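Spelled out, the chains give:
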Amino acid sequence: MEKRELLYEGKAKRLFLTDDENLVISEFKDDLTAFNGEKKSSEAGKGALNNKISTELFKLLEANGIPTHFVEMMDDNHMLHKKVDVILIEVIVRNIATGSLSRNLGIEDGKVLPFTLVEFDYKNDDLGDPKLNDQHCLILELVEHQDELDKLRRMAREVNDVLKPYFAKIGLNLVDFKLEFGKDSSGNIILVDEISPDNCRFWDIESGEKMDKDRFRQGLGGLTVAYEQVLNRILGKN
Ligand code: 5GP
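Reading the values: the criteria
- Residues numbered from 1 in each chain as written.
- Predicted model: local features only at pLDDT ≥ 70, side-chain atom pairs only at ≥ 80, totals over all residues.
- Heavy atoms only, no water.
- Helix = DSSP H or I, 4+ residues; strand = E, 2+ residues; numbered from the N terminus.
- Rg over C-alpha atoms; globule rule 2.2 N^0.38 Å.
- Buried < 20%, exposed > 50% of the residue type's maximum accessible area, 1.4 Å probe, protein only.
- Contact = heavy atoms within 4.5 Å.
- Areas by Shrake-Rupley, 256 points an atom, 1.4 Å probe, with all protein chains shown as cover.
- Lys, Arg positive; Asp, Glu negative; His and termini not counted.
- Charge placed at Lys NZ, Arg CZ, Asp CG, Glu CD.
- Pairing = 2+ DSSP bridges.
- Axes fitted to C-alpha atoms, helices over the stretch in contact; angles between N-to-C directions.
- Near = heavy atom within 4 Å.
- Polar contact = N/O pair within 3.5 Å; in protein donor to acceptor, adjacent residues only side chain to side chain.

1. Notes on the overall build of the protein
Helix and strand counts for the protein stand at six helices and 14 strands. What you see for the protein is a C-alpha radius of gyration of 17 Å, in line with the 18 Å of a compact globule of 238 residues. In terms of overall dimensions, the protein has a C-alpha envelope of 45 × 40 × 35 Å along the principal axes. Out of the 238 residues in the protein, the part that is buried amounts to 50%. Considering only contacts in the protein between residues 6 or more positions apart, those separated by 24 or more positions represent 55%. On the protein, roughly 11,700 Å² of surface is accessible, and the fraction owed to carbon and sulfur atoms is 46%. Across the protein, 33 positive and 45 negative side-chain charges occur, with their mean positions spaced 3 Å apart.

2. Describing the sheet that holds strand β6 (residues 70-75)
Strands in a sheet are paired, the pairing made by backbone hydrogen bonds, and the direction either parallel or antiparallel. The five strands are arranged β1-β2-β3-β7-β6 in an open sheet whose pairing can be described as antiparallel. Unpaired on one side and paired on the other, β1 (3-9) and β6 mark the two borders of the sheet. Pairwise comparison of adjacent strand axes, ignoring direction, gives a mean angle of 30° for this sheet. Along the sheet, helix α1 (residues 46-63) makes contact with β3 (23-28), β6 and β7 (78-82), crossing β6 at roughly 145°.

3. Observations concerning the site of the ligand
If you check the shell around the ligand, you find 14 residues, and the closest are Arg94, Ser100, Asp176, Arg201 and Arg217. Side-chain polar atom of aspartate 176 to an oxygen atom of the ligand: 2.7 Å apart, as the coordinates give it. Note that an oxygen atom of the ligand is positioned 3.5 Å from one of the backbone N or O atoms of asparagine 199. In the complex, the protein chains occlude 82% of the 490 Å² of accessible area that the ligand would expose alone.

This is the structure we're talking about:
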């Protein structure tokens, strides 16, 4: 597969066209940003770790019947995937309260939620990714019909139903995560972007240690060591 011109550069990835109009290549960068780009850094090896973790998780989800954009991992920093029209809704799934949920609603940090919460954020850096309800999504024409919002929620819960027990088995609490979806060339809604410690929170079940991007957000250090630990557990190497 030939890597052609740069299509888009995001905070964590660059997207390249290929010689196949239905396929694109993501290059995972070592850059780190938080608080809507206000805090910036870079950690050597972070991009490769996220590419490898995402590859394993997309394969796991595909094996469980959840359609994703994943085609193959090309090398340490490159993933080949389907080209989609991205739906500009960040689907947030939460099992345990922390982060913006605790901050905004005063729910005790670390409280196990009575049921899995699914929320929508507007994928819009200029506006700071505000919360959306279904009517906002329809007024903004982020989807065509209510059915599609129902489908996003259903798919997000299916992802959680696969990932939560999977991570529990390797000693990690899947606290919360952000998913993105897109429409492929046939109009099917599929899971896109990445699934990595950059957009999931993982807490070690025994020690409570944070094994995700909160290490950077909260200035805890040891970010790549934690990401490598997540990958090693996934690969059964711990
Ligand atoms: P919170 O709303 O508590 O900040 O984030 C909830 C979950 O979604 C966390 O796992 C966080 O990593 C992820 N998340 C929410 N918004 C974003 C975003 O804009 N970028 C990334 N990488 N992750 C996000």
